[in-house]
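# Examination of the molecular architecture
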Amino acid sequence: TELGVERRFVPESCPRAVRPGDFVRYHYLGAFPDGTRFDSSYDRGSTFNVFVGKGQLIAGMDQALVGMCVNERRFVKIPPKLAYGSEGVPGVIPPNAVLHFDVLLIDLWNSEDEVQVQTYFKPEKCPRTVQVSDFVRYHYNGTFLDGTLFDSSHNRMRTYDTYVGIGWLIPGMDQGLLGMCVGEKRIITIPPFLAYGEDGDGKEIPGQASLVFDVVLLDLHNPKDGIAIENQLVPESCERRSQTGDFLRYHYNGTLLDGTLFDSSYSRNRTYDTYVGKGYVIAGMDEGLLGVCTGEKRRIIIPPHLGYGEEGRGKIPGSAVLVFDIHVVDFHNPSDSVSITVHYKPSNCTVLSKKGDYLKYHYNASLLDGTLLDSTHSLGKTYNIVLGSGQVVLGMDMGLQDMCVGERRTVVIPPHLGYGEDGVEGEVPGSAVLVFDIELLELVSGLPEGYMFVWNGEVSPNLFEEIDQNHDGEVLLEEFSEYIQTQVDTGKGKLAPGFDFEKIVKNMFTNQDRDGNGKVTAEEFKLKDQEAREEHDEL
C-alpha cells in the first residue's frame, strides 16, 4: 500500500540529486510482483526522458526519483493508488496492479542550469586567456553525465581546432572555453539546451543529453596577433644589431605553445644559417630576427598565420603557435669588409707591413660569440707568412696590412673573406665570422712586386759569364743555384723572404730557360728590366 524504494547502488560521488522540476533521463525495467515484465526502456534502445514533479509520471515514480544521483540504481515498488489504480492500462497493466521498477539514472539537469566549469589544473604562469574570436587548439574527452564516452580527440590523435565565441561550437563550449590558459585542464559540464538540445546530434549524442568535456588547452592565438618577443639575455655591449639583408647563424629550440619540442638545432650540433628579411624563413622568424645582437638570447612567439598556417609541416600541426628560443651566434652582411681595431701601436712606428713582406705574428682566433678556434700561443711558436701571397685567407691578408712591429690589433673577418660557406670541417663552421687578436713580432721587408731576387749593388756587366762557371756557353740549374746562393751569402743579392730557396731558384731558372731544354744560353738570359712587358718572377 505504500511506496517502497530500495537503493541498490549509490555512487561514491553524488554532486547533485534529483529535485522536483528537474529533467531526467533514465533506464528502467518494469515488472509485476511475479516477475512478469511489462515494459523496458532497454528494449527500445533509448532512455525515458521526462520532467520530475510536474505530473508527467505516475505519482509513485515522481516521488521515487527525487533524491537520486546519476548512476544510482533503485528498486521501486509502487502501489496501485500511486500507479494506474483500479483502471490500469487496458492490455498492459491490469487494475489494482502493484508495479516494480528497476531504475538506473543516466542524466539530470534543470532548465535554470548554466555551464559548469571545474578547473583541476592551472599553470603557474598564465600570460593570456581565451577571449571571444580567439582561435584555440585543444584535446578533449567527451562523456555523458554517467561517464559513458561518446567522443575523444585523443583517440583521433588530433586536436580540435576552432574559433571561440563566434558560433563555430555549441553555445556551452563557447562559454566553457573562455578564460582558459594554455596548459589548463578543466571539466566543462553543459546542459542539453546549450548543447545539442532535444534532437541530439543524430549520431552518438541522444536528445536532451547533458555533456561533460574534459579539456586541456594546447594552443591559443588571435588572427590579429603579431609576433611576440621576450628578451631573455641581451649582451651589455651590442655594437651592431641585425638588419634586413644580414646573414645570421643561430641556435634554436622550437616548441609548441604547450612546450612540446618539434625541432632543435642543438640536436643536430649545427647552427641554422640564413638571410634575414628576404623570405628565406617563415614570416614571423624573418621579423623576429631583426634587431638582435651577437650573443643575444630571445624568445620569439609566432602565430600560425606568420608560421606554417592551417596546414602545418612535419611535426608541426596545422594552426599551431610556434615558440622559438634562439641564441644568436653571429651575423654579417655580404657587403661587409674586414674590420680592424688597433689596441696598441708603438710610438716609433715607421715601417709598415705591405704586400710581399715576411711577417711573424701571434694570434688568438675565435668566433664572434667568443668560442676559441686556435691560438699560436698554445703552440709556442709564431705564425709566419708572406703578406699578400695567398698563404692565409684574403681577410687576414687585408687585416695584416699597414701594421708595425709590436702593434696589437683585432681583425674581424666576414665569411666571404674567410672560409666561406663550407668553413673547415671540424674546425671552422660554415659562414662563420672570424675574430683574430694579433700581435706582430717581426717584419722582413719583401721585394718589389714581381721580383723574387734583387741585387744590393751594381749588376756585373758580365753576369752570364760569371754564372757559367765552366764557360761552355750554357748554364745548368746546379750552376745557377750555386751562383744565387753565393750572392745571397755574400750580401750582394736578396731573395724574396718567406719562400723556399730551391723553389724560388727553380722558378727563376725556368723563366730563363725559355725553350725548356734544361739549359740557359746567353741568348735566352735577360734581366728583369730587359723584359718587354713579360710577367715572370726572375732576375
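Here's what I pulled together on the structure shown here. (Residues numbered from 1 in each chain as written. Predicted model: local features only at pLDDT ≥ 70, side-chain atom pairs only at ≥ 80, totals over all residues. Heavy atoms only, no water.)

### Overview of helix α11 (residues 501–512)
In an α-helix, one full turn covers 3.6 residues, which means residues spaced three or four apart are oriented alike. Spelled out, the test is: Secondary structure elements follow DSSP: runs of H or I no shorter than four residues count as helices, runs of E no shorter than two count as strands, and numbering proceeds from the N terminus. What a helix should span is 1.5 Å times the count of its residues minus one. Residue burial is assigned from relative accessible area. The probe radius is 1.4 Å, only protein chains are included, and a residue is buried under 20% of its type maximum, exposed over 50%, and partly exposed in between. Within this analysis, the arc is defined by the directions that extend from the helix axis to the C-beta atoms. Contacts are residue-level and defined by heavy atoms, with any inter-residue pair within 4.5 Å sufficient.
The end-to-end C-alpha separation of α11 is 17 Å, in line with the 16 Å expected for 12 residues at 1.5 Å each. Looking at α11, one finds that the buried residues are Ile504, Val505, Met508, Phe509, Asn511 and Gln512. For α11, the angular spread of buried residues about the axis comes to 160 degrees, placing them on one side. Those residues of α11 that are exposed and angled more than 90 degrees off the buried face are Glu502, Lys503 and Lys506. For α11, the secondary structure elements touched by its buried residues are β25 (453–455), β26 (474–475), α10 (477–489), β27 (493–495) and β28 (520–521).

### Points about unusual backbone geometry
With a phi angle near 55 degrees, Met157 is a residue other than glycine that sits in the positive phi range. With respect to the helices, strands and loops of the structure, Met157 is situated in the loop between α3 (153–156) and β10 (160–163). Overall, Met157 belongs to the exposed group, its relative accessible area being 75%. For Ser319, which is not a glycine, the phi torsion comes out positive at approximately 60 degrees.

### Focus on the pairing of strand β8 (residues 135–144)
The two faces of the sheet receive side chains in turn, since in a regular strand these alternate between them. So the rule is basically this: For two strands to pair, DSSP has to find at least two bridges joining them.
Counting buried positions along β8 yields 9 of 10 residues, so the element is predominantly enclosed. Where β8 meets β10, 4 bridges bridge the pair, whose relative direction is antiparallel. Looking at the pairing, Arg137 lines up with Asp161 of β10. Bridge count between β8 and strand β9 (residues 149–152): 3 bridges; the pairing is antiparallel. Pairing of Asn141 across the sheet is with Ser152, part of β9.

### Some words on the side chain of Asp22
Worth spelling out the cut-off: For the purposes of these results, a polar contact is taken to be a pair of N or O atoms within 3.5 Å, where, inside protein, one atom must be able to donate a hydrogen and its partner to accept one; residues adjacent in sequence count only when each atom of the pair is a side-chain atom.
Tracing the backbone through its elements, the reader meets Asp22 in the loop between β1 (4–9) and β2 (23–31). A residue is classified by how much of its surface remains accessible, and Asp22, at 0% relative accessible area, is buried. A polar contact of 2.7 Å, which involves the side chain of Asp22, links it to the side chain of Asn110. With residues near it in sequence (within four places) discarded, Asp22 still touches Arg16, Ala17, Val50, Phe51, Val52, Leu108, Trp109 and Asn110.

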